[in-house]
Amino acid sequence: MSRGLYFSVYIMSNFARTVFYTGVTNNLERRVREHRNNEGGVFTSKYKCHFLVYYKDYADINNAIAREKQLKNWQRKWKIELIRKENPDLKDLAGGWL
């Protein structure tokens, strides 16, 4: 899937949708693949955050980084509300990509 040049703020979750990880990347497809292969970092490997439940693209990296920092400071409840607004069933948005 070709998505062009964007900087994506994304949220990964585990199978039960009980753990959430927020990140930013310039290649969302590659980054999701890394998370699924447990190459995404200690936290996502430990908690098996292999499912993309939210993402938003930005043209400017500074805006993406600012949004990522904002979301990382949000309460869990707010993150779940944001995710459900875009993805009510908490489906894996990258299910057909890889």
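Residues numbered from 1 in each chain as written. Predicted model: local features only at pLDDT ≥ 70, side-chain atom pairs only at ≥ 80, totals over all residues. Heavy atoms only, no water.

## What about the overall build of the protein?
(1) Moving on: In terms of helices and strands, the protein carries four helices and three strands.
(2) Moving on: Listing the helices and strands of the protein from first to last along the sequence gives β-β-α-α-β-α-α.
(3) Moving on: Against the globule reference of 13 Å for 98 residues, the protein gives a C-alpha radius of gyration of 12 Å, in line with a compact fold.
(4) Moving on: Within the span of the protein, comprising 98 residues, buried residues form 43% of the whole.
(5) Moving on: Sequence-distant contacts, at least 24 apart, represent 64% of the contacts inside the protein between residues at least 6 apart.
(6) Moving on: In the form shown here, the protein has an accessible surface area of approximately 5,900 Å², with 50% of it arising from carbon and sulfur atoms. (Helix = DSSP H or I, 4+ residues; strand = E, 2+ residues; numbered from the N terminus. Rg over C-alpha atoms; globule rule 2.2 N^0.38 Å. Buried < 20%, exposed > 50% of the residue type's maximum accessible area, 1.4 Å probe, protein only. Contact = heavy atoms within 4.5 Å. Areas by Shrake-Rupley, 256 points an atom, 1.4 Å probe, with all protein chains shown as cover.)

## Here we look at the nonpolar core
(1) Moving on: Ranked by size, the top nonpolar core spans twelve residues in total: Phe7, Val9, Ile11, Phe20, Val53, Tyr54, Tyr58, Ala64, Leu71, Leu82, Ile83 and Leu90.
(2) Moving on: Residue assignment for this core shows that the elements contributing at least two residues are strand S1 (7–13), strand S3 (51–58), helix H3 (61–72) and helix H4 (76–86).
(3) Moving on: The residues touching Val53, leaving out its near neighbours within four places in the chain, are Ile11, Ser13, Arg17, Phe20, Ile83, Asn87, Leu90, Lys91 and Leu93.
(4) Moving on: The next biggest cluster of nonpolar side chains, apart from the first, holds ten residues, and it includes Tyr10, Val32, Leu52 and Trp97. (Core = buried A, V, L, I, M, F, W, Y, C linked by side-chain atoms within 4.5 Å.)

## Side note on the side chain of Asn87
(1) Moving on: Residue placement: Asn87 occurs in the segment after H4.
(2) Moving on: Of note is the side chain of Asn87, whose polar atom sits 3.0 Å from the backbone oxygen of Val53.
(3) Moving on: A polar contact of 2.8 Å, which involves the side chain of Asn87, links it to the backbone oxygen of Lys91. (Polar contact = N/O pair within 3.5 Å; in protein donor to acceptor, adjacent residues only side chain to side chain.)

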